[in-house]
Amino acid sequence: QVQLEESGGGWVQPGGSLRLSCAASGNIRSINAMAWYRQAPGKQRDLVASITGGSRTNYADSVKGRFTLSRDNAKNTVHLQMNSLEPDDTAVYYCNADLWSYTSSRSYNYWGQGTQVTVSS
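Residues numbered from 1 in each chain as written. Predicted model: local features only at pLDDT ≥ 70, side-chain atom pairs only at ≥ 80, totals over all residues. Heavy atoms only, no water.

In the sheet, strand β9 (residues 91–101) pairs with strand β10 (residues 108–111) via four bridges, with the strands oriented antiparallel. Across the sheet, the residue bridging to Asn-96 is Trp-111, located in β10. What sits between the antiparallel neighbours β9 and β10 is a turn of six residues. (Pairing = 2+ DSSP bridges. Helix = DSSP H or I, 4+ residues; strand = E, 2+ residues; numbered from the N terminus.)

Scanning the model with the defined rule gives four salt bridges in all. Lys-64 serves as the salt-bridge partner of Asp-61, at 3.1 Å between the closest nitrogen and oxygen. Its relative accessible area of 64% is what places Asp-61 among the exposed residues. Asp-89 is paired through a salt bridge with Arg-66; the nearest N and O atoms lie 2.7 Å apart. Within this pair, whereas Asp-89 is found in the loop between β8 (77–82) and β9, its partner Arg-66 is found in the loop between β6 (57–59) and β7 (67–72), the two being separated by 23 residues in sequence. Overall, Asp-89 belongs to the buried group, its relative accessible area being 1%. We classify Arg-66 as buried; its relative accessible area is 11%. Counted as one network, the salt bridges with shared partners bring together Arg-38, Arg-66, Glu-86 and Asp-89. (Salt bridge = Lys/Arg side-chain N within 4 Å of Asp/Glu carboxyl O. Buried < 20%, exposed > 50% of the residue type's maximum accessible area, 1.4 Å probe, protein only.)

In short, the description is geometric, and any link to function would need to be established separately.
Following this line, the structure appears as structure tokens:
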């Protein structure tokens, strides 16, 4: 059993900052990559940022220069620091992990439950 626990969502005014965290726990042997996706009402779920085991990061063009994704491999945790938030950043943010469990013969993709981020004045 693998769980992804997200925290840090909420409401913030435009220009403000929030920090999302995602901790993976359970029957985990190793984690290949972790990522944050987001889904606004009526829209598809899109990649926000991803990070490999070697801390190589990738960002959506819309968040480059504003969001920073970091990873703590010892704690199986990632943090998404979101600065200069805009109303268009409003969405449910989902944590994603591609990982190996001790009982699987290949890696699988896991999702968190999602955390709401609302940017408005």
